[in-house]
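Chain and residue survey
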Amino acid sequence: MPPSHLAATAAQSPASSRGRRPRHGGAMISASCCRAAALASLLAAAAATAFLTFSLPLSPSVSTTKHTAELLSAASSTPPPPHPTLATASPPPPSPPPAEPATSAARPRKREVCTCPHAGWRFKVTVLSIFVLCRGDQPSYWRMAPEEALRYAKKEIMAAEPVVPDDPDDLYAPLFKNVSQFKRSYQLMERILKVYIYQDGRRPIFHTPPLSGIYASEGWFMKLLEESRPFVVADATKAHLFYLPYSSQNLRLSLYVPDSHNLRPLAVYLRDFVKGLAAKYPFWNRTRGADHFLVACHDWGPYTTTAHRDLSRNSIKALCNADSSEGIFTPGKDVSLPETTIRTPKRPLRYLGGHPISRRHILAFFAGNVHGRVRPVLLQHWGKGQDEDMRVYALLPGRVSRTMNYIEHMKNSRFCLCPMGYEVNSPRIVEALYYECVPVIIADNFVLPFSDVFDWSAFSVVVAEKDIPDLKRILQGISLRKYVAMHDCVKRLQRHFLWHARPLRYDLFHMILHSIWLSRVNHVQLDN
């Protein structure tokens, strides 16, 4: 039964109650209206979002952004449409209704709560605003064909805007040839690049990365890329690059006959593997291998590609043995890979760091096996302890190592000599960076790692092989002020040559991947 006061009111004015909506029924209809209006708002926001997604152009446009902002501004400033119920509600009677208890005074608020169309309109505008702000002027990379995305990236890199001095990423400009282009290229790599990894190939030659020793760079890169979700794609049709996941070190260990001096079986094996991929998949034949790459750090890495013409000439080869004089490594297309010595895979950054300049009392230091054409000449002029400033040894003598081991020598030296061995590459370059010692590179025809982006003159000394007799004079001719700047650059550069179990921005994994990406972008043909 209704309360007595309601029953009395209805009995007193039965005619007036016909023109009003029943109060309890009105609350039910109002709640239903709220739910329907909220659902309609969500659907409208989704539809508008989809409309913006497919209507905005693929390339950035100031006019498009301005037009979208004007639409949002107009939408937010336009008053919301009136609530249908409120618009058609009967005007209040000229005379106040009979007095009711205080509990009924709250009932009209139920109609005020039903403002879902108003809130829904505001919600829709908010959703669209957030969508546009998040999307900004960026094109829909996922809708671009791989070649189209590469052409877009090339244009963006060429038109890169100067980086502000207080760069939030803390990129130190003196390290780079063009820090603005590097930053833009790196950003585009993070947003666009997708790599397809072939699952073919038998172990241990394929998919079994070596993580220790002086050839560990190829193994660490393989491991981290195969674990990388941001860059690896399962659908090969969406890939910009295709990775041949072989290990030149494991290929040597598996197929090379000791003392045979015959590398042909290694090259034939890799040739047959590539031919199998070309027969099984359509991707190699589209570009004749120009969008395929490999990473090899063993000295024989370049020679394992020579049996397949397109592999050697067209594919991107990331090689530690980056010798421009042999006709295999192509500067500008291929990538020079730093050779890193990893002694403990679980702790790749052990012993990292060095002493301050004030404690570096040795001018230059080298110790290592004497082989190749450069090291015998180096020892002839500066070995056998004939100069206290130039600590040059074959193998570090026991009497010396008991006082100061190899790593401590590098940490106490201003310059660390990095002469080539049998091949132009040397792990001492990265060791010098790890221990904050300015590297002195003695290897003609050596394309230095990441020379496409780094200015090596800022943090290293390159000495021609013919100038070894004048080595001390060259090093002493570097002023203290210049050396302090070079030493500071070495410390800042260090982050770009570090392996991490979980990759960080601008670390060695990303720098290698970036150089491969940049090589592919630079060689794509722009539309006329």
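This text gives an overview of the structure that appears in the document. Note that the structure is a prediction, hence the values are computed from the model and not measured. (Residues numbered from 1 in each chain as written. Predicted model: local features only at pLDDT ≥ 70, side-chain atom pairs only at ≥ 80, totals over all residues. Heavy atoms only, no water.)

What about the sheet that holds strand 10 (residues 461-462)?
Strands belonging to one sheet form pairs held by backbone hydrogen bonds; the direction of such a pair is parallel or antiparallel. Pairing is parallel in the open sheet, where five strands are placed in the order 7-6-8-9-10. Only two strands of the sheet have a single partner each, and these edge strands are strand 7 (390-393) and strand 10. Sheet topology places strand 6 (residues 362-367) next to strand 7; four bridges connect them, and they run parallel. Opposite alanine 364, over in strand 7, you have methionine 390 as the bridge partner. Strands in contact with helix 15 (residues 375-382) are strand 6, strand 7 and strand 8 (413-419); relative to strand 7, the strand with the most contacts, it is inclined by about 130°. Along the sheet, helix 20 (residues 480-493) contacts strand 8, strand 9 (438-442) and strand 10; its crossing angle with strand 9, the most-contacted strand, is approximately 95°. (Pairing = 2+ DSSP bridges. Helix = DSSP H or I, 4+ residues; strand = E, 2+ residues; numbered from the N terminus. Contact = heavy atoms within 4.5 Å. Axes fitted to C-alpha atoms, helices over the stretch in contact; angles between N-to-C directions.)

Comments concerning the state of the cysteines
For the structure on display, the rule yields two disulfides. Here cysteine 297 is linked by a disulfide to cysteine 320, with a sulfur-sulfur distance of 2.0 Å. In this structure, the disulfide formed by cysteine 297 and cysteine 320 twists by about -80° around the S-S bond and is classed as left-handed. With cysteine 297 in the loop between strand 3 (292-296) and helix 14 (309-313) and cysteine 320 in the loop between strand 4 (316-319) and strand 5 (335-336), the pair connects residues that are 23 residues apart, well separated along the chain. Judged by relative accessible area, cysteine 297 falls into the buried class, the value being 0%. A relative accessible area of 1% means that cysteine 320 is categorised as buried. Disulfide pairing places cysteine 416 opposite cysteine 437 at an S-S distance of 2.2 Å. (Disulfide = S-S within 2.5 Å. Buried < 20%, exposed > 50% of the residue type's maximum accessible area, 1.4 Å probe, protein only.)

As for the pattern of salt bridges
One pass over the full model with this rule turns up 18 salt bridges. The partner of glutamate 147 in a salt bridge is arginine 520, with the nearest N and O atoms 2.7 Å apart. Separated by 373 residues along the polypeptide, glutamate 147 in helix 8 (residues 146-158) and arginine 520 in helix 21 (residues 508-522) bring together distant segments of the chain. When its relative accessible area of 33% is taken as the criterion, glutamate 147 is described as partly exposed. We classify arginine 520 as buried; its relative accessible area is 7%. The partner of aspartate 334 in a salt bridge is lysine 333, with the nearest N and O atoms 2.7 Å apart. Look at lysine 333 and you get buried, because its relative accessible area is 10%. Via salt bridges that share partners, Lys317, Lys333 and Asp334 belong to a single interconnected network. (Salt bridge = Lys/Arg side-chain N within 4 Å of Asp/Glu carboxyl O.)

Here's the deal with the side chain of serine 185
Tracing the sequence through the fold places serine 185 in helix 9 (residues 179-192). Other than its neighbours up to four places away in sequence, serine 185 contacts Ile157, His514, Trp517 and Leu518.

Quick notes on empty space enclosed by the protein
Applying the stated rule across the entire model yields one cavity of 30 Å³ or more. Approximately 50 Å³ is the volume found for the largest cavity. Around the largest cavity, the lining residues are Leu337, Pro338, Glu339, Asn425, Ser426, Ile429, Val430, Phe446 and Pro449. Of the residues belonging to the lining of the largest cavity, the class tally is six nonpolar, two polar and one charged. (1 Å grid on protein atoms, 1.4 Å probe; cavity = no way out; pocket = protein on both sides within 12 Å on 5 of 7 lines; lining within 4 Å. Points joined across faces, edges and corners; volume = space filled by probe spheres on them. Nonpolar A, V, L, I, M, F, W, Y, C, P; charged D, E, K, R; others polar.)

With respect to the packing of helix 11 (residues 248-255) against helix 12 (residues 264-280)
At a minimum axis distance of 10 Å, the contact between helix 11 and helix 12 shows a crossing angle of 120°. The angle between helix 11 and helix 12 falls in the class oblique. In the packing of helix 11 onto helix 12, the handedness of the crossing is right-handed. Where helix 11 approaches helix 12, its residues Leu251, Arg252 and Leu255 are matched on the opposing element by Pro265, Leu266 and Tyr269. When grouped by side-chain class, the residues that make up the contact of helix 11 with helix 12 number five nonpolar, no polar and one charged. (Parallel < 35°, antiparallel > 145°, perpendicular 65-115°, else oblique. Left-handed = near helix turned anticlockwise from the far one by under 90°.)

Thoughts on the pairing of strand 4
Residues Ile316 and Ala318 of strand 4 are buried on one face, and the alternating residues Lys317 and Leu319, pointing to the opposite face, are buried as well. Sheet topology places strand 3 next to strand 4; four bridges connect them, and they run parallel. If you follow phenylalanine 293 over to strand 4, its bridge partner there is isoleucine 316. Here strand 4 runs beside strand 5; their pairing, made up of two bridges, is parallel. Across the sheet, the residue bridging to leucine 319 is serine 336, located in strand 5.

What to know about unusual backbone geometry
Residue proline 204 is bonded to the preceding arginine 203 through a cis peptide linkage, with omega at 5°. Mapped onto the secondary structure, proline 204 falls in the loop between strand 1 (195-197) and helix 10 (216-226). Positive phi, normally seen in glycine, also occurs at histidine 207, with a value near 60°. On the basis of relative accessibility, which here comes to 8%, the residue histidine 207 falls in the buried class. Backbone geometry places histidine 261, a non-glycine residue, at a positive phi of 55°. Within the secondary structure, histidine 261 is located in the loop between helix 11 and helix 12. The exposed category is assigned to histidine 261, whose relative accessible area is 71%.

Concerning the nonpolar core
Counting 134 residues, the largest nonpolar core has Phe221 and Phe454 as its most contacted members. Among the elements that line this core, the one with the most residues is helix 21, at nine residues. Two domains each donate at least three residues to this core, and these are domain 1 (195-343 + 508-523) and domain 2 (357-496). When residues no more than four places from it in sequence are discounted, the contact partners of phenylalanine 454 are Leu175, Phe176, Lys177, Pro449, Phe459, Leu493, His496, Phe497 and Met511. (Core = buried A, V, L, I, M, F, W, Y, C linked by side-chain atoms within 4.5 Å. Domains from an automatic or database assignment.)

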